Amino acid sequence: MDPIMVLQTVMSAIQSGAVNLTAADAARSENTTATSATNDGVAVASFSLLQLPTLLTMLLSYSAVRDWLKLLLLGALVETGRRLLTKVYHDIINYFWLTATFDGNDECVDWLMFWLSKHSIFRTARTLDVSTRSFGKNTAMAGEQSSEDDTDGRKISFLPSLSTTYTLWYRYRYVSITRDEVVDGPWNGRRQTLQVQILTRDHQILRDLLLEAKNLFHRASENMISIYVSDPSDYWKRVSTHHKRPMQSIILDPGTIELVLEDAKDFFASKAWYAERGIPHRRGYLLYGAPGSGKTSLIHSIAGELNLDVYILSLTRLGLDDTSLSSIIADLPTQCIVLVEDIDAAFHQGVKRDIADPERDQGERAQQSVGKGSESSGTVGRVTLSGLLNALDGIAAQEGRILFATTNDYDALDPALCRPGRLDLHIEFKLASKYQCREMFRRFYLPSNPEADSSKAEEDPEVDEKDSGYGSRDARTDGSLDNSAQSCGSSADSTHESSTVYVGMAHTVRAPKLSPRKAAELADSFASAIPNRAFSMATLQGYLMAYKTRPYDAVADAPAWVERKLQEKKAKAPARGAGAVKPEEPVADAAASAAPAASPEAVTATAEPKEEGDEAVA
Ligand SMILES: Nc1ncnc2c1ncn2[C@@H]1O[C@H](COP(=O)(O)OP(=O)(O)OP(=O)(O)O)[C@@H](O)[C@H]1O
């Protein structure tokens, strides 16, 4: 029967029931005149209810209605069964399986992904991701990748694909791993997750798995430090991993490295001391002075030495404001190095450094800068000075971290920023001293392990000849060394013809070995040719790079190079403004001090307290 017809029949049945009721009432209560409309309605309803069985019987007499009801019941039964089964399934899963979900931004995911990249399952899996990223780790160090995985010097790793479940065995337990992506945040941003399910009731297995992954990850990064920056969503994100820079590759005047390193070590060792006195366990270092003098290099070496990762805080990052600054600082791990490079630039409108002339004297930069603190109320992006001060030592500031700030413009810094508790130790980096020149030369040409080679080298007079660098003169026949010599500085040597014009230092053949005695002699000669505090270490390193296979030539050509550089400086000086001769003008200073090597200065680190209470550095 047509459903519409059934409906019409039902409606007419209800209507006829109501009419019958009204007629019966009228007959029974002729004398009763005051019956309210409401009472009538209730009576109609109660009568309709009495009629319901009749109505249902009538409805059920239609086969279509019966079929509908059967379908309805069946559907309800199926759905109930399904829900019941799902619940039972989940209960069983929860009972027998251990399920751990990791956020894609969490460091654990990096450990697990690295661990997974080593697992044999990915050699046979039919769907997988292939990456040369290897989570920033040197896979060779883990020693588990076979050489056929080495593609063009870059190791490849096999990783789980998105939305695919992999199963494997770990310690006789069945493990399933699913990497997924979920929509997160108001802008439909995507966030990755990693789910690990282990068929066990023992939590220890999950801990063991994580520990194994973490150890493998850290073993692979034993000689590396990781660099983190904050991303626009205010998470710390690892951007690179570097080999640790050996401390002995940093050449500062005696005492400077020891000063900072010992201070930092002592800081980490005295957590209880700080706690007892209620002093926040934080330490700040301000490294200031000439560009290219080793500030950043020292920080990286210290990070390697102390086995800490470096978190670079860029105050000029787009979208960073006081709130997000506090939140990313609060999110730092308990033991780490925070690096704020060019902290002065954050409160100037633009970076004032003269990159083309790194030896520019401090005096000129100081003159250019506006007086102390006068710009400190300025902001770049949306970070204010007070926001930065609060973030560094406010309630939410992380404890157990050390902060390194660098600047080329010490005088531009606000005293509030430099006070103890924020930046406790101020260390000045000057242009290269005679001692630094000598040491740089010696370490540049000396074999990496002088102790091992020294006895042999001293015994064998041939070594000097063989490794002296003269042998490499023959290499000039290929022209490459000529180019490297010409490339030093901006002016090329006119006696050498070369069609290639470039500025910079060419990387050519391997450096020769010198005996320690010969290297020391040459280093002395080199240092005597370089004026005291005239060039940055970076400039000297650049010069030596052009002579990396020719130490004798490096010494012989040094006076001419110095002369040329000083001329260039003099020529540039008027262009920077007539009458801009400063007391510490390096050109004048340099010319005056272009004398034979002086004894090394005691220490380059100085403290120039900006206010009372600053720590003095001897
Ligand atoms: N004291 C030093 N000892 C060894 N190498 C140095 C030293 N100073 C600078 N260098 C070399 O010069 C280059 C630049 O050094 P670095 O970046 O550390 O200087 P910086 O003082 O941080 O400069 P900037 O202020 O411009 O950031 C590096 O490659 C580094 O090897």
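This section reports on the structure supplied with the text.

Conventions adopted
- Residues numbered from 1 in each chain as written.
- Predicted model: local features only at pLDDT ≥ 70, side-chain atom pairs only at ≥ 80, totals over all residues.
- Heavy atoms only, no water.
- Axes fitted to C-alpha atoms, helices over the stretch in contact; angles between N-to-C directions.
- Helix = DSSP H or I, 4+ residues; strand = E, 2+ residues; numbered from the N terminus.
- Left-handed = near helix turned anticlockwise from the far one by under 90°.
- Contact = heavy atoms within 4.5 Å.
- Nonpolar A, V, L, I, M, F, W, Y, C, P; charged D, E, K, R; others polar.
- Expected span 1.5 Å × (residues − 1).
- Buried < 20%, exposed > 50% of the residue type's maximum accessible area, 1.4 Å probe, protein only.
- Core = buried A, V, L, I, M, F, W, Y, C linked by side-chain atoms within 4.5 Å.
- Lys, Arg positive; Asp, Glu negative; His and termini not counted.
- Salt bridge = Lys/Arg side-chain N within 4 Å of Asp/Glu carboxyl O.
- Phe/Tyr/Trp six-rings, centres within 6.5 Å; stacked < 30°, edge-to-face > 60°.
- Lys NZ or Arg CZ within 6 Å of the ring centre and 35° of its normal.
- Pairing = 2+ DSSP bridges.

## Side note on the packing of helix H16 (residues 434-445) against helix H21 (residues 537-546)
So, point 1. The interhelical angle for the contact between H16 and H21, taken along N-to-C directions, is 35 degrees, at an axis separation of 11 Å. Remark: the crossing between H16 and H21 carries right-handed chirality. Within the contact between the two elements, H16 uses Gln436, Cys437, Met440, Phe441, Phe444 and Tyr445 and H21 uses Met537, Leu540, Gln541, Leu544 and Met545.
So, point 2. A class-by-class count of the residues in the contact of H16 with H21 yields 9 nonpolar, 2 polar and no charged.

## Some thoughts on H16
So, point 1. Taking 1.5 Å per residue, 12 residues should reach 16 Å; H16 reaches 17 Å between its end C-alpha atoms and fits that length.
So, point 2. Of all 12 residues making up H16, 9 are buried, and the element is well covered by its neighbours.
So, point 3. Lys434, Tyr435, Gln436, Cys437, Arg438, Glu439, Met440, Phe441 and Tyr445 are the residues of H16 that are buried.

## A short note on the nonpolar core
What tends to happen in soluble globular proteins is that the nonpolar side chains get buried as a cluster.
So, point 1. Membership of the largest hydrophobic core comes to 33 residues, with the highest contact counts inside it found for Phe102, Leu112, Trp115, Leu168, Val196 and Ile198.
So, point 2. If you list the elements that add at least two residues to this core, you get strand S1 (97-103), helix H5 (107-117), helix H6 (121-124), strand S5 (157-159), strand S6 (164-170), strand S7 (173-184), strand S8 (189-199) and helix H8 (203-220).
So, point 3. Setting aside its immediate chain neighbours within four residues, Trp115 contacts Leu168, Tyr170, Leu209, Glu212, Ala213 and Leu216.
So, point 4. Ranked by size, the runner-up nonpolar core spans 31 residues in total, among them Ile329, Val383, Leu385 and Leu413.

## Topic: unusual backbone geometry
So, point 1. If you check the backbone angles, Tyr172 has positive phi at about 65 degrees while not being a glycine.
So, point 2. By the secondary structure assignment, Tyr172 is in the loop between S6 and S7.
So, point 3. Classification of Tyr172 as exposed rests on a relative accessible area of 79%.
So, point 4. We note that Asp342 has phi near 50 degrees; this positive angle belongs to a residue other than glycine.
So, point 5. Inspection of the secondary structure assignment puts Asp342 in the loop between strand S13 (336-340) and helix H13 (362-368).

## Thoughts on the side chain of Asp231
So, point 1. Topologically, Asp231 is positioned in the loop between strand S9 (224-230) and strand S10 (236-243).
So, point 2. Of the side chains with opposite charge, Lys237 lies nearest to the buried Asp231, which makes no salt bridge, at 4.8 Å.
So, point 3. If we ignore the near neighbours within four places in the chain, the residues touching Asp231 are Lys237 and Arg317.

## As for the packing of aromatic side chains
So, point 1. Applying the stated criterion across every chain yields a total of 19 aromatic pairs.
So, point 2. Residues Trp115 and Tyr170 carry aromatic rings whose centres are separated by 5.8 Å and whose planes lie at 80 degrees to one another, so their mutual orientation is edge-to-face. Of the two residues, Trp115 sits in helix H5 while Tyr170 sits in strand S6, which places them 55 residues apart along the sequence. In terms of burial, Trp115 and Tyr170 fall into one category: buried.
So, point 3. Taking the centre distance of 5.2 Å and the plane angle of 85 degrees together, the rings of Trp236 and Tyr311 count as edge-to-face. Of this pair, Trp236 sits in strand S10 while Tyr311 sits in strand S12 (residues 310-312), and the two are 75 residues apart along the sequence. The residues Trp236 and Tyr311 share a single accessibility class, namely buried.
So, point 4. Aromatic rings pair up to connect Phe441, Phe444, Tyr445, Phe526, Phe535, Tyr543, Tyr547 and Trp561 into one cluster.
So, point 5. Here Arg201 stacks its cationic end above the ring of Tyr95, 4.1 Å away from the centre of that ring.

## Quick word on the pattern of salt bridges
So, point 1. Counted under the stated rule, the structure contains 18 salt bridges.
So, point 2. In this structure, Asp91 engages Lys87 in a salt bridge whose closest nitrogen and oxygen atoms are separated by 3.0 Å. Separated by 4 residues within a single helix, Asp91 and Lys87 lie in helix H4 (residues 63-96), roughly one turn from each other.
So, point 3. Note on Lys87: relative accessible area 51%, which makes it exposed.
So, point 4. Here Arg283 and Asp424 are joined by a salt bridge, their closest N and O atoms 3.8 Å apart. Of the two residues, Arg283 is situated in strand S11 (residues 283-289) and Asp424 in the loop between helix H15 (415-418) and strand S15 (425-429); the sequence distance between them amounts to 141 residues.
So, point 5. Using a relative accessible area of 8% as the deciding quantity, one classes Asp424 as buried.

## Here's the deal with the pairing of strand S14 (residues 401-407)
A regular strand places its side chains so that they alternate between the two faces of the sheet.
So, point 1. Counting buried positions along S14 gives 7 out of 7 residues, so the element sits mostly inside the fold.
So, point 2. Residues of S14 alternate between two faces, with Arg401, Leu403, Ala405 and Thr407 on one and Ile402, Phe404 and Thr406 on the opposite face, all of them buried.
So, point 3. Where S11 lies against S14, 6 bridges are found, and the strand directions are parallel. Along S14, the bridge assignment pairs Leu287 with Thr406.
So, point 4. As paired elements, S13 and S14 share 5 bridges and run parallel to each other. Pairing of Ile337 across the sheet is with Ile402, part of S14.

## Observations regarding the pairing of S13
So, point 1. Of all the 5 residues making up S13, 5 are buried; the element is thus mostly covered by neighbouring parts of the structure.
So, point 2. Burial along S13 is two-sided: Cys336, Val338 and Val340 facing one way and Ile337 and Leu339 facing the other are all buried.

## What to know about the environment of Arg190
So, point 1. Tracing the backbone shows Arg190 in strand S8.
So, point 2. With 10 residues separating them in the primary sequence, Arg190 and Asp180 have C-alpha atoms 10.0 Å apart.
So, point 3. In this view, Arg190 contacts Glu181, Val182, Val183 and Asp184; residues no more than four positions away in its chain are not counted.

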